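Residues per chain are reported as follows:
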Amino acid sequence: MTPAASTRLDGDRRRRELAALFDGSSVDVLVVGGGITGAGIALDAASRGLRTVLVDKHDLAFGTSRWSSKLVHGGLRYLASGNVAIAHESAVERGILMTRTAPHLIRRLAQVVPLLPEVSRSSATVVRAGFLAGDVLRRSAGTSVAVLPNSRSTGADAVAAQVPIVQRHGLRGGLMAWDGQLVDDARLVVAVARTAALHGASILTGVAASEVDRTSALLTDGDTGASTRVRAGVVVNAAGVWAGQVDPRISLRPSRGTHLVFDASTFGGMTSSLTIPIPGERNRFVFALPAPHGRVYVGLTDVATDGPIPDEPRATDDEIEFLLDVVGTAVDPAPTVFDVVGTFAGLRPLLDSGGRNSAATRTADVSRRHAILDDGDGPIGVVGGKLTTYRRMAEHAVDAAVAATRLTAGPCRTASIPLVGAGPIAEPVPERLVTRYGAEAALVAALADTMPDGTAPVADGIDVSVAELAFAVRYEGARTVADLLDRRTRIGLVEADRERAVDAATRVLAEHD
C-alpha cells in the first residue's frame, strides 16, 4: 500500500471499516468527535499501537475547529494575564507545528499594532513590553528567529506599506511581532485525521454515537440508518461544545467568537495582520487578517452564550457592529456593513467551573486550559483548550485512557510525526497547490491531468480547481456538497461564491464518489 493510498479516506474505506465494526471487530479506543481534539486523540492513540476508531455525526472539522481565526498563537495573551504555564505550552506547540509536524500548513504572519492617537505612549510601552516578553517566550520554547523574527518598532511608512488603508492622520509608526497563521484550520483537522488513518485508525464521518457509556456506544450509520453497539476498551468524549450531549454530567460555558469576511480589496491588499486594541480593554484586540481566496477576516468577539447548541452559530447584528466600530478606529475609509461579504462564528467549549461567581465571570476571563474529566465511571471527557495546543490535549487524553484501561501502549510520538503533506516537493507544481497541500500538491496536479476539466476553476473568479474537489472526495473523506464547499475548501464562507460553486461540487461528487 502506498503512503497516499493508506491515508486515503474514500467511500470504499468507509464501507469496509464500518462493516468490520458491525462484524464485531475489537476496539481499544473509541473517539466521539471529529474536530481537532478528536482527530488529535485518534492520531496519538493509533500511533501508540492502539486499535482506534473515530466517529462524527457530521464531518471532520464540522464544529468549532473550522471557526477559528486561523492563527497558531504563541500564548502572549496568556502571559499577559499571568498564565505562564499555558503561555509556554502554547509557544512550544506552535514551534512543533511550524517546524516539525505541519510546516506546509502554517506561515509566519507579521502582526502590526498601529500607533495612532488613540494609543497613548504608555499603552504603546505596555504593548512593546508584551511583544518583548513574547520574544523571550519564543526563545524559551526553542523556536528560532529564522522561523519567527524578533518583534520590533517600525515607521509609519512601513505600516502603510503593509496595511494600505491604515489611518495616516496622527500615525506615528507601529509595533510589529510575528505569529503563525494556518492556511486553513479545517485543513489541519483533515491532515491530522488522515495521518491517524495512516497509523491504522478508522475515521468514520456520518456516524452518530448515542447511548454512550464508558466502554461502548450505539453507532448509527447516517447513510443506511443501520445501528450496532460497539464495545471498546474505553470511550473518549471529544465532542467539543456538544460534549454535554454525549455525557450530561459535563457542564460547559460556551462563548461565541465571531468574524467578518471582506474582499481583500476593501483593505487595499494588506500583507500583514492589523492588530487593533479594543478601546477600554486590556490585552484584547480585534484582528484584520489577510486570508486565502482574496479575502480578509476581521475578528473576534467573546460573548457568553446559553441555550441549545446550534450546528452552525450565527453572528449577531451587535457583534457585527462591534467589530466594524473597532476596526473603524484604525483604517480609512472605515468598512461598513455593505462591505461585509460573509460572517462566521464558533463556540468555544469552555468548562464551567461551577464556582459561586461563575455566572458573573466574563467568558474572556475563563481559563483556556484544557481539562481531562475521568471519574472512573462514564467516558473520559476532554474539554476546553484551544487549537494550538490540540496535540498536548490529545496526549493527556490518551495517557488517561491507557491508565484507566491498562492497555498496552507505547509512549506519545506525535511531536515528531509529520502530518500528511509535510516534506519536500518532488516535482514542479503550481505554488497555489503547494500552499494548500504541501507535498501532496503533486497528487492533486496528477489527478487534474486525468480529468478533462481538472485545472478549470469551479466557477469564474474562484481560485479552487475542479481537481481539488475531486481530491477531497477521493482522499479527504468529503461526502457531501457541504463537506466540499464549507470544510475542504472555504468557498462557502461567502454565500455568493458558494452558490456559484454548487453545480461543480454536485457534479464532482457524482463522478468521483
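Because the structure is predicted, anything quoted here is derived from the model rather than measured. (Residues numbered from 1 in each chain as written. Predicted model: local features only at pLDDT ≥ 70, side-chain atom pairs only at ≥ 80, totals over all residues. Heavy atoms only, no water.)

Visitor: Would you explain the domain arrangement of the chain in this entry?
Guide: One widely used convention gives an interface's size as the accessible area the parts lose upon coming together. We note that the domain assignment places domain 1 (11-65 + 186-250 + 363-416), domain 2 (102-182 + 253-349) and domain 3 (431-511) within the chain. Here domain 1 and domain 3 have C-alpha centroids that lie 27 Å from each other. Counting residues at the interface gives 12 residues for domain 1, matched by 12 residues for domain 3. The junction of domain 1 with domain 3 conceals about 1,100 Å² of combined surface from both sides, 35% of it contributed by carbon and sulfur atoms. Taken together, domain 1 and domain 3 are joined by five salt bridges. Here arginine 488 makes a salt bridge to aspartate 59, at a shortest N to O gap of 2.8 Å. (Domains from an automatic or database assignment. Contact = heavy atoms within 4.5 Å. Buried area = accessible area lost by both parts, 1.4 Å probe. Salt bridge = Lys/Arg side-chain N within 4 Å of Asp/Glu carboxyl O.)

Visitor: Help me understand the pattern of salt bridges in this model?
Guide: Pairing of side chains with opposite charge becomes possible as their charged atoms draw close. Under the definition given, this model contains 40 salt bridges. Here aspartate 223 and arginine 14 are joined by a salt bridge, their closest N and O atoms 3.1 Å apart. Of this pair, aspartate 223 sits in the loop between strand S9 (216-221) and strand S10 (227-237) while arginine 14 sits in helix H2 (residues 11-22), and the two are 209 residues apart along the sequence. A single salt-bridge network, built from bridges that share partners, covers Glu89, Glu93, Arg391, Arg392 and Glu395. (Helix = DSSP H or I, 4+ residues; strand = E, 2+ residues; numbered from the N terminus.)

Visitor: Where do I start with unusual backbone geometry in this structure?
Guide: Negative phi is the rule for most residues except glycine; trans is the rule for most peptide bonds. The omega angle of the peptide bond from glycine 299 to leucine 300 is 5 degrees, so this bond is cis rather than trans. Counting through the fold element by element, leucine 300 comes out in the loop between strand S14 (295-299) and strand S15 (303-304). In the segment running from aspartate 332 into proline 333, the intervening peptide bond is cis, with an omega of 5 degrees. Assignment of secondary structure puts proline 333 in the loop between helix H10 (317-327) and strand S16 (340-348).

Visitor: Would you take a moment to explain helix H8 (residues 185-198) for this structure?
Guide: Owing to its 3.6 residues per turn, the α-helix brings residues three or four apart onto one side. The end-to-end C-alpha distance of H8, which contains 14 residues, comes to 20 Å, matching closely the 20 Å that a straight helix rising 1.5 Å per residue would cover. Positive phi shows up at glycine 200, right after H8, with a value of about 105 degrees. (Expected span 1.5 Å × (residues − 1).)

Visitor: Quick question: what am I supposed to make of the packing of helix H5 (residues 84-101) against helix H6 (residues 121-140) here?
Guide: Two quantities define a packed helix pair, namely the angle between the helix axes and the distance between the axes. Two elements in contact, H5 and H6, have axes whose closest approach is 8 Å; the angle formed by their N-to-C orientations is 60 degrees. As the angle between them shows, H5 and H6 are arranged oblique. The chirality of how H5 crosses H6 is right-handed. On H6, the residues that touch Ala87, His88, Ala91 and Arg94 of H5 are Leu137, Arg138 and Ser140. Looking at side-chain class alone, the contact of H5 with H6 contains three nonpolar, two polar and two charged residues. (Axes fitted to C-alpha atoms, helices over the stretch in contact; angles between N-to-C directions. Parallel < 35°, antiparallel > 145°, perpendicular 65-115°, else oblique. Left-handed = near helix turned anticlockwise from the far one by under 90°. Nonpolar A, V, L, I, M, F, W, Y, C, P; charged D, E, K, R; others polar.)

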